[in-house]
Amino acid sequence: MPNKVIIIDYGSQVTQLIARRVREAGIYSEIHPCTVKASEVAAMKPQAIILSGGPASVGSKDAPVLDRGFFELGVPVLGICYGMQLIADGLGGRLSRSETREYGPAELTLTAASPLWEGLPETTKVWMSHGDKVMTPPPGFSVIGRTPTLDVAAMACDEKKIYAVQFHPEVHHTVLGTTIINNFLFRICGLVPDWTMTSFVDRVVKEMAAKVGDRQVICALSGGIDSTVVAVLLHRAIGKNLHCIFVDNGLLRKNEVEEVRHLLGDNLDLNLTVVDASERFLSRLKGVDDPEKKRKIIGHTFIEIFDEESKKIPHVDFLAQGTLYPDVIESTSAKGPSAVIKSHHNVGGLPDHMKLSLIEPLRELFKDEVRQLGRELGLPEYLVSRQPFPGPGLAIRIIGDVTKEKADILRLADFIFRDELSKSREAQNLSQFFAVLTNTRSVGVMGDGRTYDHTLALRAVTTDDFMTADWARIPYDILDCISTRIVNEVPGVNRIVYDITSKPPATIEWE
Ligand code: XMP
């Protein structure tokens, strides 16, 4: 087993970044909610523990508490922000409450030598976000850093290998944060980087082969990177015992079916069934214009078809899915309930009678790690760097009721938009871009005649995480070229508009 760092999540917005930084250092890390017990962590056999930040105030009502058992496991511990306050409070130091938060940059001055500070200048910029502060470190700890507002900005107990910082080394604004985290991992914990994609592939392929044996697995392909990578990994592990199903719902982008068939069926030799169910989807969507109803119909129909197809394969025991690490944390972390803005469609809601065990080989990975893995597996770059495409497909980009004619118009316009952005190299600056067929017609003039045709909207955004997004400032000349081409080449469209709303308040998709 590779080295492993366990991160205990006390609710900070940036806990995931700690996991990122540790993995970027070549060490595998996992986040667990703060309700995890020290005995459970012990069973995971970690080489180090990191206590994250969090919004609470130690000792206040409902504030997460520290399991002091973490210090009995004989592995180094690093506390960050709330994690530092928990260490101070739990091991006999003294905190001071504050109603106001210090938020933003601060200058850290190193007040004592420490392996944590190796390679740092005497002062360095760090990022603060805290209310309470440590007044007196616990017995056995020494102060190793201060800022103008904090006498104890960092503390350490070398003997027990417990270290704590009040600032956030995991965020970019802490200029030498990566050095600090790497010092903890390499100098204090003595770890050697061993988390590479090649080692990951070897391990997962072996694990999957052992788990599945000679039984059968089905996998729903969406044409996106996650399910493709799952399929290719499993293909390596179990070969023809993997059965991939790709459903053409009539709402895919131009050339998508052919590309999937060509790459996975022909080139990679996967056991692939392409089901043409476009008529079934389109007839069920007839006359439906409510976005949530469209999503539900598509989700249910997808499951129905998947169920029918899998019945044709004898003795299936497993379902493979492209669940990623952020999905896993979202469902296990101590997060509060959030409003349902859109019901996302995936294969989660399979009927009970299917009773398949899940195989989720990407559960440990972040999205960009899946892309890296795709490259490692030799997938072509166009697929690896592909932008996300929603499960309900073009149905949620056709405002109002969905028809084949409208889907054809949108497919062609969307293709031209993407084609021009790729040719102009503008695509590489964008996170996601697509066309939307609005439910509006307007008057135009073409040649000598009056037209009364569709208004098409173009949407392009930049984002890191798709939770918030900014509309992209595509140069006017490129937009002009796209607009001219679409109006000339797509019958039924006579007006193009560009969406200049960010998320929030808008969402990326229109429905
Ligand atoms: P919104 O529109 O919520 O989209 O800002 C955020 C990201 O999620 C994608 N999206 C979906 N992906 N199934 C998916 O797999 C869905 O039902 C779905 N709806 C939206 C959207 O394309 C964007 O990348």
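Look above for the structure.
Everything quoted here is computed from the prediction, not taken from an experiment.

Criteria and cut-off values
- Residues numbered from 1 in each chain as written.
- Predicted model: local features only at pLDDT ≥ 70, side-chain atom pairs only at ≥ 80, totals over all residues.
- Heavy atoms only, no water.
- Helix = DSSP H or I, 4+ residues; strand = E, 2+ residues; numbered from the N terminus.
- Buried < 20%, exposed > 50% of the residue type's maximum accessible area, 1.4 Å probe, protein only.
- Pairing = 2+ DSSP bridges.
- Axes fitted to C-alpha atoms, helices over the stretch in contact; angles between N-to-C directions.
- Contact = heavy atoms within 4.5 Å.
- Salt bridge = Lys/Arg side-chain N within 4 Å of Asp/Glu carboxyl O.
- Parallel < 35°, antiparallel > 145°, perpendicular 65-115°, else oblique.
- Nonpolar A, V, L, I, M, F, W, Y, C, P; charged D, E, K, R; others polar.
- Expected span 1.5 Å × (residues − 1).
- Arc of directions from axis to C-beta.

## Looking at the environment of alanine 43
Now for step 1: Position of alanine 43 relative to the elements: it lies in helix 2 (residues 38-43).
Now for step 2: A relative accessible area of 60% means that alanine 43 is categorised as exposed.
Now for step 3: For the pair alanine 43 and valine 487, spaced 444 residues apart in the sequence, the C-alpha separation amounts to 63 Å.

## Topic: the sheet that holds strand 10 (residues 150-157)
Where strands meet in a sheet, backbone hydrogen bonds hold them as pairs that are either parallel or antiparallel.
Now for step 1: Reading across the sheet, the nine strands line up as 2-1-3-4-11-10-9-6-7 and stay open at both edges, with mixed pairing between neighbours. In the strand order of this sheet, the two ends are held by strand 2 (28-33) and strand 7 (123-130), each with one partner. Within this sheet the neighbouring strands show an average axis-to-axis angle of 30 degrees, counted without direction.
Now for step 2: Packing of helix 1 (residues 15-24) onto the sheet brings it into contact with strand 1 (4-9), strand 2, strand 3 (48-51) and strand 4 (77-80), and relative to strand 2 it is tilted by some 160 degrees.
Now for step 3: Where helix 4 (residues 177-188) meets the sheet, it contacts strand 1, strand 3, strand 4 and strand 11 (162-165), and its direction lies at approximately 155 degrees from that of strand 3.

## Section: the pattern of salt bridges
Now for step 1: By the definition in use, this model includes 34 salt bridges.
Now for step 2: Here glutamate 24 ties to arginine 20 by a salt bridge, and the two come within 3.6 Å at their closest N and O atoms. Of this pair, glutamate 24 and arginine 20 both sit in helix 1, four residues apart, which is roughly one turn of the helix.
Now for step 3: Here aspartate 269 ties to lysine 240 by a salt bridge, and the two come within 3.5 Å at their closest N and O atoms. Here aspartate 269 is found in the loop between helix 7 (256-267) and strand 14 (272-276), whereas its partner lysine 240 is found in the loop between helix 6 (225-238) and strand 13 (242-248), with 29 residues between them in sequence.
Now for step 4: A network of salt bridges, in which partner residues are shared, links Asp419, Glu420, Lys423, Arg485 and Glu489.

## Observations concerning the packing of helix 5 (residues 197-212) against helix 11 (residues 367-376)
Now for step 1: For the pair helix 5 and helix 11, interaxial distance at closest approach is 10 Å and the crossing angle is 80 degrees. In terms of axis orientation, helix 5 runs roughly perpendicular to helix 11. Residues Met197, Thr198, Phe200 and Val201 of helix 5 pack against Glu369, Gln372, Leu373 and Glu376 of helix 11.
Now for step 2: When the residues that make up the contact of helix 5 with helix 11 are grouped by side-chain class, the tally is four nonpolar, two polar and two charged.

## Let's talk about unusual backbone geometry
Now for step 1: Along the chain, lysine 503 connects to proline 504 via a cis peptide bond; the corresponding omega equals -20 degrees.
Now for step 2: Topologically, proline 504 is positioned in the segment after strand 20 (493-498).
Now for step 3: Of note, the bond from proline 504 into proline 505 is cis; its omega dihedral lies within 30 degrees of zero at 10 degrees.
Now for step 4: With respect to the helices and strands, proline 505 occurs in the segment after strand 20.
Now for step 5: Phi angles above zero are rare outside glycine, and aspartate 269 is one such case at about 60 degrees.
Now for step 6: For aspartate 269, a relative accessible area of 43% translates into the label partly exposed.
Now for step 7: One non-glycine residue, arginine 425, lies in positive phi territory at about 65 degrees.
Now for step 8: Turning to its location among the elements, arginine 425 is positioned in the loop between helix 13 (404-423) and strand 17 (432-446).
Now for step 9: Owing to a relative accessible area of 58%, arginine 425 belongs among the exposed residues under this scheme.

## Observations regarding helix 7
Now for step 1: The first and last C-alpha atoms of helix 7 sit 15 Å apart over 12 residues, in line with the 16 Å expected at 1.5 Å per residue.
Now for step 2: Restricting attention to buried positions, one finds in helix 7 the residues Glu256, Val257, Val260, Leu263, Leu264 and Gly265. All buried residues of helix 7 fall inside an arc of 160 degrees around its axis, so they share one side. Pointing more than 90 degrees away from the buried face of helix 7 are the exposed residues Glu258, Asp266 and Asn267.
Now for step 3: In this structure, the buried residues of helix 7 make contact with strand 12 (216-221), helix 6, strand 13, strand 14 and helix 12 (381-384).
Now for step 4: A positive phi of about 60 degrees marks aspartate 269, the residue just after helix 7.

## Description of the pairing of strand 7
Within a regular strand, side chains alternate between the sheet's two faces.
Now for step 1: Burial runs high along strand 7: six of the eight residues are buried.
Now for step 2: Where strand 6 (residues 102-110) meets strand 7, eight bridges bridge the pair, whose relative direction is antiparallel. Across the sheet, residue proline 105 finds its bridge partner in strand 7, namely tryptophan 127.

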